[in-house]
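Residue-level structure breakdown
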Amino acid sequence: MEQEVAALGDLPRDELAALWKKAYGCPPPKGVRRDFLLRAAAWQLQAIRLGGLSPDTRRMLRTSMAQAEKQVATKRPGSITGESDGPASLPTKSRKQLYPGTRLVRDWNGRSHVVDVLEEGLAFEGRLHKSLTAIARQITGAHWSGPRFFGL
């Protein structure tokens, strides 16, 4: 079996993708690297030869997945009952609403930067901006997520 696993390393990506499709019944996800396909093929080969996961491990994984799906469902915006209406998806972080009159302060490189939230947009250094990201870029000179830069 060691030689068979080692031989997988010589296969081109296309053949590894074909092994994935044969094992899982669908093509590999877009952007999956060759190294990941190689590891998946090696695991599949070993699972066939050695029997794969034990029934106890499968049961534990099913229980863990059910718990994870339940947690995601209860954190999903708009979910009252906590019941999932389908496969679990990653929870989305709700954006904090910035209301007019709010003042954001961020210290950067020893200087305090103040942004005022207005009805028309965001006021920073006497100019009106449409986004916190544009302000964060002006302050740092690099691309930052504006909400992250200001701790939102």
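Everything that follows concerns the structure shown earlier in this document.
Notes on the structure follow. (Residues numbered from 1 in each chain as written. Predicted model: local features only at pLDDT ≥ 70, side-chain atom pairs only at ≥ 80, totals over all residues. Heavy atoms only, no water.)

1. What to know about a nonpolar patch on the surface
Where nonpolar side chains cluster on the molecular surface, the patch consists of Tyr24, Trp43, Leu53, Met60 and Leu61 and spans about 500 Å² of accessible area. Within the secondary structure, tyrosine 24 sits in helix 2 (residues 13–24). You can call tyrosine 24 partly exposed: its relative accessible area is 40%. (Patch = residues over 30% accessible without salt bridge, like charges linked within 9 Å, V, L, I, M, F, W, Y side chains within 5 Å. Areas by Shrake-Rupley, 256 points an atom, 1.4 Å probe, with all protein chains shown as cover. Salt bridge = Lys/Arg side-chain N within 4 Å of Asp/Glu carboxyl O. Helix = DSSP H or I, 4+ residues; strand = E, 2+ residues; numbered from the N terminus. Buried < 20%, exposed > 50% of the residue type's maximum accessible area, 1.4 Å probe, protein only.)

2. Details of helix 3 (residues 34–50)
Look at helix 3: 24 Å from first C-alpha to last across 17 residues, which is about the 24 Å you get at 1.5 Å a residue. Along its buried surface, helix 3 packs onto helix 1 (2–8) and helix 2. Following helix 3 by one or two positions, glycine 51 has its phi on the positive side, about 100°. (Expected span 1.5 Å × (residues − 1). Contact = heavy atoms within 4.5 Å.)

3. Regarding the packing of aromatic side chains
This model, assessed by the stated rule, comprises six aromatic pairs. Ring geometry for tryptophan 108 against tryptophan 144: centres 5.5 Å apart, planes inclined by 85°, an arrangement best described as edge-to-face. Taken together, the positions of tryptophan 108 in strand 1 (residues 103–108) and tryptophan 144 in the loop between helix 5 (132–140) and helix 6 (146–149) put the pair 36 residues apart, joining distant regions of the chain. Between the aromatic rings of phenylalanine 149 and phenylalanine 150, the centroid separation amounts to 5.1 Å while the plane-to-plane angle is 85°, which identifies the pairing as edge-to-face. Note on phenylalanine 150: relative accessible area 10%, which makes it buried. Ring pairing ties together the aromatic residues Trp108, Trp144, Phe149 and Phe150, which thus form one cluster. (Phe/Tyr/Trp six-rings, centres within 6.5 Å; stacked < 30°, edge-to-face > 60°.)

4. Side note on unusual backbone geometry
Comment: phi is negative for the bulk of residues other than glycine, and the bulk of peptide bonds are trans. Backbone geometry at asparagine 109 places phi at a positive 50°, although glycine is not the residue there. Here asparagine 109 is to be found in the loop between strand 1 and strand 2 (111–117). For asparagine 109, a relative accessible area of 69% translates into the label exposed. Located in the positive-phi region is glutamate 125, a residue other than glycine, with phi close to 50°. Tracing the sequence through the fold places glutamate 125 in the loop between strand 3 (122–124) and strand 4 (127–129). The class for glutamate 125 is partly exposed, based on a relative accessible area of 47%.

5. So, the pattern of salt bridges
Pairs can form between side chains of opposite charge whenever their charged atoms are close. Within the structure shown, the criterion is met by five salt bridges. A salt bridge links aspartate 35 to arginine 39; its shortest N-O distance comes to 2.9 Å. Linking aspartate 35 with arginine 39, this pair stays in helix 3, spanning four residues, or about one helical turn. On the basis of relative accessible area, aspartate 35 is assigned to the partly exposed category, the value being 42%. Arginine 39 sits in the exposed class, given a relative accessible area of 57%. The closest approach of N and O atoms between aspartate 116 and arginine 103, which form a salt bridge, is 2.7 Å. Here aspartate 116 is found in strand 2, whereas its partner arginine 103 is found in strand 1, with 13 residues between them in sequence. Overall, the relative accessible area of 23% leaves aspartate 116 in the partly exposed class.

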